[in-house]
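The primary structure of each chain is shown beneath.
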Amino acid sequence: MKINRVTLYNFSSYVGENTISLDTHDEQNIILIGGNNGAGKTSFFTAIKLALYGPQCFRFQDKNNRYTARIKELINHDAFLSDNVKAYVEVEIDLPTDRVHTLYTIRREWSFIEKRLQESYTVYKDHQLLADKNLDFFQNYLFSIISPNLFDFFFFDGEEIGDFFATGNYSNYIKNAVLTLSGYDTFNIIQKFCDSYIGAEEGNEDYDEVAKLVEQEEANLSAYTTRSTDWESQKQQLAAQLLSAQEEKESLDRQFKRSGGVTTQEQERLEAQRATQDRVKSDKAKRIREFVESMMPLYITKDLAAVAYKQLKDEQAVRQYHTICDLLDFQTIQDVLEQESICNVAQVPALAQTISNGIAEKALPAFPLECFTSIHDLSQEQESQVVSDIVRTQHFAEAEAPQLIKAIADKKKASQKYEEISKKIREALPSVDAAAYFERVKFLTERIAAYEDSLETLDKQIAELGTTITNQKALVDRLRKALLAKAKDRTAHEFTSRISQVMQRMISDVTKEKFHQIESLTLEMFNKIIRKENFVQLIELDDNFNVNLYKKQTYITRDLLLLANNIGLDALEKRLGSAGLKEAAHLLTNDSIDDLRRYFSGKIVTDQISFQDDIELPLYNRVELNQLSKGEKQVFILSLYWAIIKTSNQAVPFIIDTPFARIDTEHREQISAVFFPNISGQVIILSTDEEVVGSYRAIIQPHIAHEYLLEYNVEQGCTSVKPGYFKGTKA
């Protein structure tokens, strides 16, 4: 991968469009960009990362409010003075695809729509716009060339690189770089996935608990099923006993009936019929009695009743007449007329008299009052009752007489049936045999009732137990499915664990030779740059990608034994390193590390050490990384980067900001002469006027493809990009 061009538009301190060409070729692999602090070097550095990786440039997985806030901070403030706010960064890169190089132009542009920041992401492949559906594929491919995890590996700040080993996580950077650039990251990805699955997997430990629960619930289901079977058997026995009792009772009834007796059921039926006839007889007798007591006297004297009826009506008419005359007399009417003033006052008496006479005449009965005599002195209620009875008597022949005649006939018929049934019951009175029959029938009847009650109770219990069994089966099925899932999960867990172990072994196997190459090349470059002679003579990468530095040291066997006694075998092995441990095993035992450990363990007590143990052993002593100076650390890290890139055979750009920030002058010349021309086919150096200048610039001059100078105008608040380098810094 190579970066051919970078364009910044209204980005950070860059106003308008600013384009920097970064293409390199053959031996001219260096792009030198000068700029003092605050001139915009870091912004240029950030623009490249932002164009390539978007939110992941700032360690965000996707666009969010914090990402939006960062972008707003990076847009030049002058852009907000325009009606249409616009800013973008564009990077043209050369990527190898299918063994040919393809030109990609990546552009991230920002604008404001309705006061909200909008980002557009476009990619051109050989000047042809990629469809949206292919953008994710391209992004993934780009990440496979230089993963976002390698940001700090290939795009780093020289002022911070010295703190590389202080993070405690540097081994991950090295691991990601080695595996990704060497094409082994697939093994690592699979291992990480397996480890995350194993780590996230919960519940495998309770497989036995679920199995125990399944066993318990299956036992409960079996108990319920056994109980249901027992109850069904009891039900069959009860049903058989009920049927036997019913058949015996029916047989007794038939025998008793054939012998002339009345069975219990027949006797109960006759008693019920006799009671019915008795009720009919009583009801009809009551109806007849009511007629005799109330209606019969009036019916016998119905002619006299008609005369009495007329007398009562006449008396009622006379009473009404006298009432009207009393209420509407002459004086009352005269008072009303005078109050209303409806006529002349003089005419009122005559008019009142006329009205009073007219009303009296209208209310006068049709018979002469002088010949009428009132003979009844009844209250209104008594009079109404007498009139009602007289009217009922008059209609008796038509309405009630037929019903009364039918009641008399029904009473007679019911009396006859009552006597017949009573006679039959009397004639069927039980003898001694009948007494035994009834006693047996009573016993059977009670048994039948008991059997029926037991069957009813048992049916209810069986139904409830059936519901319980259904629910229990559902529970057992759910638990079995859960157990099966647990079994599958445990199998998957074990299988995934094995895969993780296999991936770990494969990573270890495929990186062994790679480690040797990296160790050798790192040591070679480090010793070329560093000024101290024999400062480091061995570099080792362990299986966890931790870096260990060693220098030669001669030990006496006595000293090793004392060290083993004082600091322990593990600490001693760490101090000697794997190479020193193997050398000690070769010199002291039969090339066996285990034999060497037993050798130390057997002589761990100091009083067992003799002069025979004073053997000189040319081994190694570990050099602690944190004991290195900041400059030495940076030299070592640059050497390690160079070795990793060389062993990967990958063409990736190498961008460094303030490269000599932590490097002392004695190492700058060697870095300029040895490191920069060889680290990569494209090296972009962002330097201040105190770093790559003078002799250092002269050293790399044959390898420079382009030079640029970033100048910041304080009055205008913007950065300008100019060809060339700092004035007065001639090669």
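Residues numbered from 1 in each chain as written. Predicted model: local features only at pLDDT ≥ 70, side-chain atom pairs only at ≥ 80, totals over all residues. Heavy atoms only, no water.

### Things to note about the pairing of strand β13 (residues 683-687)
For β13, the buried fraction is high: five of the five residues fall into the buried class. Burial along β13 is two-sided: Val-683, Ile-685 and Ser-687 facing one way and Ile-684 and Leu-686 facing the other are all buried. Summarising the sheet, strand β12 (residues 654-657) and β13 pair through four bridges and their orientation is parallel. When the bridges of β13 are listed, Ile-655 appears paired with Ile-684. Running through helix α21 (residues 665-679), the crossover from β12 to the neighbouring parallel element β13 is right-handed. (Buried < 20%, exposed > 50% of the residue type's maximum accessible area, 1.4 Å probe, protein only. Helix = DSSP H or I, 4+ residues; strand = E, 2+ residues; numbered from the N terminus. Pairing = 2+ DSSP bridges. Right-handed = clockwise from strand over helix to strand, strands pointing away.)

### Describing the sheet that holds strand β9 (residues 538-541)
Strand order across the open sheet formed by three strands is β9-β10-β11, with antiparallel pairing between neighbours. Two strands bound the open sheet, and with one partner strand each, they are β9 and β11 (616-623). Adjacent strand axes in the sheet meet at a mean angle of 40°, parallel and antiparallel pairs treated alike. With four bridges joining them, β9 and strand β10 (residues 547-556) adopt antiparallel strand pairing. Across the sheet, the residue bridging to Glu-540 is Asn-548, located in β10. On top of the sheet, helix α17 (residues 557-567) reaches β10 and β11; it is set at about 125° to β10, its chief contact. (Axes fitted to C-alpha atoms, helices over the stretch in contact; angles between N-to-C directions. Contact = heavy atoms within 4.5 Å.)

### Focus on the environment of Arg-392
Tracing the chain through its elements places Arg-392 in helix α13 (residues 380-394). Judged by relative accessible area, Arg-392 falls into the partly exposed class, the value being 33%. Sequence-distant contacts of Arg-392, defined by excluding residues within four places in its chain, comprise Met-295 and Glu-400.

### Some thoughts on the packing of aromatic side chains
All told, the structure shown has 17 aromatic pairs when counted by the stated rule. Seen from their ring centres, Tyr-725 and Phe-726 are 4.9 Å apart, and the 70° between their planes marks the pair as edge-to-face. Considered together, Tyr-725 and Phe-726 belong to a single accessibility category, that of buried residues. Here a set of aromatic residues connected by ring pairs shows up, and it is made of Tyr-641, Phe-654, Phe-660, Phe-675, Phe-676 and Tyr-696. (Phe/Tyr/Trp six-rings, centres within 6.5 Å; stacked < 30°, edge-to-face > 60°.)

### Things to note about helix α11 (residues 330-340)
Residues Ile-333, Gln-334 and Leu-337 constitute the buried set of α11. Buried positions in α11, seen along its axis, are confined to an arc of 100° and lie on one side of it. Considering only its buried residues, α11 is in contact with α12 (348-363). Looking one or two places after α11, you find Ser-341, whose phi comes out positive at around 55°. (Arc of directions from axis to C-beta.)

### Looking at the environment of Tyr-725
Along the chain, the position of Tyr-725 falls in the segment after β15 (718-723). Residues Tyr-725 and Gly-34, 691 residues apart in the sequence, show an inter-C-alpha distance of 6.0 Å. When near neighbours in sequence (up to four residues on either side) are disregarded, Tyr-725 contacts Leu-32, Ile-33, Gly-34, Ser-687, Thr-688, Val-692, Val-693, Arg-697, Glu-707, Tyr-708 and Leu-709. A distance of 3.4 Å separates polar atoms of two side chains, one belonging to Tyr-725 and the other to Ser-687. In this structure the side chain of Tyr-725 is engaged in a polar contact, spanning 2.9 Å, whose partner is the backbone oxygen of Val-692. (Polar contact = N/O pair within 3.5 Å; in protein donor to acceptor, adjacent residues only side chain to side chain.)

### Some details on the confidence of the model for the chain
Residues with a pLDDT of 70 or more make up 89% of the chain, whose mean pLDDT is 82. Note that pLDDT drops below 50 for residues 604-611; the model gives that stretch 13 contacts with residues more than four away or on any other chain. (pLDDT = per-residue confidence, 0-100.)

### Considerations on the pairing of strand β6 (residues 116-125)
As paired strands, strand β5 (residues 100-113) and β6 are joined by 10 bridges and run antiparallel to one another. Following the sheet pairing, Tyr-104 is matched in β6 by Lys-125. Between β5 and the antiparallel strand that follows it, β6, lie two residues; Glu-114 among them carries a positive phi value of about 55°. Two successive antiparallel strands, β6 and strand β7 (residues 128-129), enclose a turn made up of two residues, where Asp-126 displays a positive phi of approximately 50°.

### A closer look at helix α2 (residues 65-74)
Buried within α2 are the following residues: Tyr-67, Ile-71 and Leu-74. Down the axis of α2, the smallest arc covering the buried residues is 60°, so these residues share one side. Facing away from the buried side of α2, by more than 90 degrees, are the exposed residues Asn-65, Arg-66 and Glu-73. Looking at the buried positions of α2, the neighbouring elements they touch are β1 (2-11), α1 (41-53), β5 and β6. The distance from a side-chain oxygen at the start of α2 to the backbone nitrogen of Arg-66 is 3.1 Å, and the residue carrying that oxygen is Asn-64.

### Comments concerning the nonpolar core
Ranked by size, the top nonpolar core spans 107 residues in total, and within it Phe-44, Ile-93, Trp-110, Phe-138 and Phe-676 carry the most contacts. Here the element with the most residues in this core is helix α20 (residues 630-648); it accounts for 10 residues. (Core = buried A, V, L, I, M, F, W, Y, C linked by side-chain atoms within 4.5 Å.)

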